[in-house]
Amino acid sequence: MNTSPIHEKPATTPERLDFYRRLDEKDLAPLWETLATLVTPQPRTACVPAHWQYDRLRGLLMEAGELITAHEAERRVLVLENPGIRGRSQITNSLYAGLQLILPGEIAASHRHAACALRFIIEGNGAYTAVDGERVSMHPGDFIITPSWTFHDHGNTGDEPVVWLDGLDVPIVNLFDTSFAEKYADEVQPVVRAEDDATALYGTNMLPFGYEVRGHNSPLFAYRYEPSRAALAHLAQRGAPHPVHAFKLQYANPATGGYPMPTIGAYLQLLPAGFDGASYRSTDATVFAVAEGSGYSVIDGRRFDWTHRDAFVVPSWVSVSHHAPQGEAVLFSFSDRPAQQALGLWREQGRAA
Ligand code: GTQ
């Protein structure tokens, strides 16, 4: 791959500088001054690799629980901000991530927005999220989606704090200046479908009779951990791990076979005990959450030792390898791969067969 710049910035002369000043007054700029940094030979992200240790931030999350109610906060979330782009509420250039806490007895009021969301449950039982009148219970390891423009509220009817990782495509929505959001008239939307209706269909390869595919979003809101984990265990018993990804599955929209959301893809992978992954990079910056076990990843040459419930991020086109020396580990991850692929932009390198 040729990584040299397509252009060298030309020398500046007094005449040129004077010309640039006159251009500036007319809202014009000379391309040859910025071309080299504007059209780069490979991705040059301001985002950096980063790791959030759950043990070190859980106390702060619980402190937030004492300082502010879910009602006052609307959503009680600590945003995972990429250290390279602080202040923008982004974990990558295209994605938002945060840890949301809901305490026993609390509700997070119903609203909807153009951004779509995913939840990966980190700890606790007894909470639910309601999507378009369908209540879905949340359990550690579950992957739950909130499609674009669907009313959603969360509640905790159990007796322990519940924490999940939120992933939203807010930066993509804002890139296009397509953000809309509104509150529901009441705090909580009426429950129109029992949770059992959805869970009864889960894993059957069947959809409600007459279901028509509209848009890209999955009609299935909750992907339970146990069957996904069992599928990974089955794969691991049957074959050899992929040198980079070990045993990896992607969550699918059962109506289309495609991604669960138009902008965000999500994955679950099992690293067998002793796995020593090969180095790889792709253009979709990826957010990881540790679903089980511990291990480490080498990102851009730096080693990050992670354990259960931690989160870490791999920026675009930065090399990463995963390792599980202490025993098997399971990683959940999500990225904007569907959006990049839809636009014909996605690339990867180092994917050994
Ligand atoms: O649960 O609706 O982390 O609207 C950020 C914005 C969660 C949510 C976030 C949101 C939500």
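For the protein chain, an unreviewed UniProt entry supplies the name Gentisate 1,2-dioxygenase and the organism Paraburkholderia hiiakae.

### Let's talk about the overall build of the protein chain
Counting secondary structure elements, the protein chain contains 8 helices and 23 strands. Its C-alpha atoms give the protein chain a radius of gyration of 22 Å, near enough to 20 Å, the size a compact globule of 353 residues would have. Its C-alpha atoms put the protein chain at 75 × 50 × 45 Å along the principal axes. Here the protein chain holds 353 residues, and 48% of them are scored as buried. In the protein chain, 75% of the contacts between residues at least 6 apart in sequence involve partners at least 24 apart. Entry remark: accessible area of the protein chain is about 17500 Å², with carbon and sulfur atoms responsible for 53%.

### A word on a nonpolar patch on the surface
Residues Ile6, Phe19, Leu31, Trp32, Leu38 and Val39 make up a contiguous nonpolar surface patch of about 580 Å² in total accessible area. With respect to the secondary-structure elements, phenylalanine 19 resides in helix α1 (residues 14-25). Of the residues examined, phenylalanine 19 reaches a relative accessible area of 35% and is grouped as partly exposed.

### As for α1
Its 12 residues give α1 an end-to-end C-alpha distance of 17 Å, which sits within 8% of 16 Å, the value for a rise of 1.5 Å per residue. Phi turns positive, to about 55°, at aspartate 27, one or two residues after α1.

### Section: the site of the ligand
Residues in contact with the ligand, as listed here, are Arg75, Val77, Tyr96, Gln100, His111, His113, Arg119, His152, His154, Asp166 and Leu168. One of the side-chain nitrogen or oxygen atoms of glutamine 100 is found 3.4 Å away from an oxygen atom of the ligand. A distance of 2.7 Å is found between an oxygen atom of the ligand and a side-chain nitrogen or oxygen belonging to histidine 152. Expressed as a share of its isolated accessible area of 290 Å², the protein-covered part of the ligand is 87%. Of all the secondary structure elements, the ones that give two or more residues to the shell around the ligand are β3 (96-102), β4 (107-113), β9 (152-156) and β10 (162-168). Here the residues of the shell around the ligand sort into 3 nonpolar, 5 polar and 3 charged.

### A few points about the sheet that holds strand β20 (residues 311-314)
Think of a sheet as strands paired side by side through backbone hydrogen bonds, with each pair either parallel or antiparallel. The strand order across the open sheet built from 6 strands is β1-β20-β17-β22-β14-β13, with neighbouring strands paired in antiparallel fashion. At either end of the open sheet lies a strand with only one pairing partner, and these are β1 (50-52) and β13 (247-250). Recorded for the sheet is a direction-independent mean angle of 20° between the axes of neighbouring strands. Looking at chain direction, β13 and strand β14 (residues 265-271) are connected through 4 bridges and run antiparallel. The partner of glutamine 250 across the bridge, within β14, is tyrosine 267. On the sheet, helix α7 (residues 225-238) packs against β13, β14, β17 (286-292) and β22 (329-335) and is oriented at approximately 50° with respect to β14.

### Observations concerning the environment of alanine 324
With respect to the helices, strands and loops of the structure, alanine 324 is situated in strand β21 (residues 320-324). Note: C-alpha distance between alanine 324 and tyrosine 296 (28 residues apart in sequence) is 6.6 Å.

### Comments concerning helix α3 (residues 54-67)
End to end, α3 covers 20 Å across 14 residues, agreeing with the expected 20 Å (1.5 Å per residue, within 8%). For α3, the full list of buried residues reads Tyr54, Leu57, Leu61, Met62, Ala64 and Gly65. Buried positions in α3, seen along its axis, are confined to an arc of 155° and lie on one side of it. In this structure, α3 carries Asp55, Arg56, Glu66 and Leu67 as exposed residues pointing more than 90 degrees from its buried face.

### Here we look at the UniProt feature "domain: Cupin type-2" (unreviewed entry) in the protein chain
Annotation from UniProt places "domain: Cupin type-2" (unreviewed entry) at residues 99-166. Measuring from the first to the last C-alpha atom of residues 99-166 gives 6 Å, for a span that is 0% helix and 62% strand.

Rules used in this analysis
Residues numbered from 1 in each chain as written. Predicted model: local features only at pLDDT ≥ 70, side-chain atom pairs only at ≥ 80, totals over all residues. Heavy atoms only, no water. Helix = DSSP H or I, 4+ residues; strand = E, 2+ residues; numbered from the N terminus. Rg over C-alpha atoms; globule rule 2.2 N^0.38 Å. Buried < 20%, exposed > 50% of the residue type's maximum accessible area, 1.4 Å probe, protein only. Contact = heavy atoms within 4.5 Å. Areas by Shrake-Rupley, 256 points an atom, 1.4 Å probe, with all protein chains shown as cover. Patch = residues over 30% accessible without salt bridge, like charges linked within 9 Å, V, L, I, M, F, W, Y side chains within 5 Å. Salt bridge = Lys/Arg side-chain N within 4 Å of Asp/Glu carboxyl O. Expected span 1.5 Å × (residues − 1). Near = heavy atom within 4 Å. Polar contact = N/O pair within 3.5 Å; in protein donor to acceptor, adjacent residues only side chain to side chain. Nonpolar A, V, L, I, M, F, W, Y, C, P; charged D, E, K, R; others polar. Pairing = 2+ DSSP bridges. Axes fitted to C-alpha atoms, helices over the stretch in contact; angles between N-to-C directions. Arc of directions from axis to C-beta. UniProt positions renumbered as here; feature names shortened; annotations may be inferred.

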